[in-house]
Amino acid sequence: MKLFTLIQNFRNDESGAVTVDWVVLTAAIVGLGIAVIATVGEGIGSMGDTI
């Protein structure tokens, strides 16, 4: 009976799920930032050459 209660408590515990949500959100923001920097960086480089 104690093992069943332990498994049920483990299944109902959602504190790890919140951590996973934050990690995925942070990774998405970092990836978007890298994509923006790569895109804007090329434009800035060519603009500097033009000037």
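Below, the structure is looked at part by part. (Residues numbered from 1 in each chain as written. Predicted model: local features only at pLDDT ≥ 70, side-chain atom pairs only at ≥ 80, totals over all residues. Heavy atoms only, no water.)

With that out of the way, let us pick up the overall build of the protein. In terms of helices and strands, the protein carries two helices and zero strands. For 51 residues, the compact-globule estimate of 2.2 N^0.38 gives 10 Å, and the protein exceeds it by more than 25% at 23 Å. In terms of overall dimensions, the protein has C-alpha extents of about 75 × 10 × 5 Å along its principal axes. Here the protein holds 51 residues, and 0% of them are scored as buried. About 4,800 Å² of surface is accessible on the protein, with carbon and sulfur atoms providing 73% of the total. (Helix = DSSP H or I, 4+ residues; strand = E, 2+ residues; numbered from the N terminus. Rg over C-alpha atoms; globule rule 2.2 N^0.38 Å. Buried < 20%, exposed > 50% of the residue type's maximum accessible area, 1.4 Å probe, protein only. Areas by Shrake-Rupley, 256 points an atom, 1.4 Å probe, with all protein chains shown as cover.)

On to a nonpolar patch on the surface, then. Residues Val18, Trp22, Leu25 and Ile29 make up a contiguous nonpolar surface patch of roughly 440 Å² in combined accessible area. By the element assignment, Val18 lies in helix 2 (residues 15–50). Its relative accessible area of 45% is what places Val18 among the partly exposed residues. (Patch = residues over 30% accessible without salt bridge, like charges linked within 9 Å, V, L, I, M, F, W, Y side chains within 5 Å. Salt bridge = Lys/Arg side-chain N within 4 Å of Asp/Glu carboxyl O.)

Within the secondary structure layout, Thr5 lies in helix 1 (residues 2–12). Judged by relative accessible area, Thr5 falls into the partly exposed class, the value being 37%. Expressed as a C-alpha distance, the spacing of Thr5 and Val36, which sit 31 residues apart in the sequence, is 49 Å.

For the rest of this paragraph, the subject is the environment of Ala35. Along the chain, the position of Ala35 falls in helix 2. Overall, Ala35 belongs to the partly exposed group, its relative accessible area being 39%. Separated by 25 residues in the primary sequence, Ala35 and Phe10 place their C-alpha atoms 38 Å from one another.

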